[in-house]
Amino acid sequence: QVQLVESGGGLVQAGGSLRLSCVASGRAFSTYAMGWFRQASGKEREFVAAITWSGRDKYYGDSDEGRLTISRDNDKNTGYLQIDSLKPEDTAVYYCAARQGYYSVYDGDFEYWGQGTQVTVSS
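Ordered by their spatial adjacency, four strands build an open sheet running β1-β3-β8-β7, and the pairing between neighbours is antiparallel. Of all the strands in the sheet, just β1 (3–7) and β7 (68–73) have a single pairing partner and so form its edges. Going from strand to strand, the sheet's axes swing by 15 degrees on average, the running direction of each strand aside.

Structural data, given as structure tokens:
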């Protein structure tokens, strides 16, 4: 099994940047694809980004506007999501997820989830 813990969220001013971290425990994390999702209050969870186990292939949602960078360091069992040029509409709880196999844009395909980290962007 894989356990995930997100961190790095907080209250930031619009136009700033944040780097979210997702630390994994459990053997063979490096063989798992990883994804990031977010859920704003009163809205459905939406896909943000995903990355393969090797880190070679990456996929971003169509609303990222080039502001997102997903990465991972398998030696540290950690995934990252960099968000630049933050906007108030980025405000949400951000979740990392992992699955054995290829990456996916569907939350139902991911087996393991973290508890989430709150990102709040002020205008």
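On we go from here.
This part takes up the packing of aromatic side chains. What the rule picks out here adds up to nine aromatic pairs. Relative to Y103, the ring of Y102 lies with its centre 4.5 Å away and its plane at 25 degrees, an arrangement referred to as stacked. A relative accessible area of 18% means that Y103 is categorised as buried. Here F110 and W113 contribute two aromatic rings whose centre-to-centre distance is 6.3 Å and whose plane-to-plane angle is 70 degrees, an arrangement assigned as edge-to-face. Joined through ring pairs, the aromatic side chains of F37, F47, Y59, Y95, Y102, Y103, F110 and W113 make up one cluster. Against the face of Y95 rests R45, its NZ or CZ located 4.4 Å from the ring centre. Above the ring of W113, the side-chain terminus of R45 is found at 4.5 Å from the ring centroid.

So, on to the confidence of the model for the protein chain. The predicted model of the protein chain averages 92 in pLDDT, with 98% of residues at 70 or higher. Predicted confidence in the protein chain is weakest over strand β6 (residues 58–60), with a mean pLDDT of 93, and strongest over strand β11 (residues 117–122), with 98.

This paragraph deals with the environment of V121. Locating V121 in the fold gives a position in strand β11. Looking at V121, the relative accessible area reads 7%, which means it is buried. Measuring from C-alpha to C-alpha, the distance between V121 and T91 comes to 5.6 Å, with 30 residues separating the pair along the chain. In this structure V121 touches V12, Q13, A14, L86, K87, P88, D90 and T91, once residues within four positions along its chain are discounted.

Now for the pairing of strand β8 (residues 78–83). Burial analysis of β8 places five of its six residues in the buried class, which makes it a mostly covered element. Two elements, β7 and β8, share six bridges in a ladder whose sense is antiparallel. In the strand pairing of β8, R72 is matched with G79. Connecting β7 to the antiparallel partner β8 that follows it, the hairpin turn spans four residues, and N77 within it adopts a positive phi of roughly 55 degrees.

Reading the values: rules and limits
- Residues numbered from 1 in each chain as written.
- Predicted model: local features only at pLDDT ≥ 70, side-chain atom pairs only at ≥ 80, totals over all residues.
- Heavy atoms only, no water.
- Pairing = 2+ DSSP bridges.
- Helix = DSSP H or I, 4+ residues; strand = E, 2+ residues; numbered from the N terminus.
- Axes fitted to C-alpha atoms, helices over the stretch in contact; angles between N-to-C directions.
- Phe/Tyr/Trp six-rings, centres within 6.5 Å; stacked < 30°, edge-to-face > 60°.
- Buried < 20%, exposed > 50% of the residue type's maximum accessible area, 1.4 Å probe, protein only.
- Lys NZ or Arg CZ within 6 Å of the ring centre and 35° of its normal.
- pLDDT = per-residue confidence, 0-100.
- Contact = heavy atoms within 4.5 Å.

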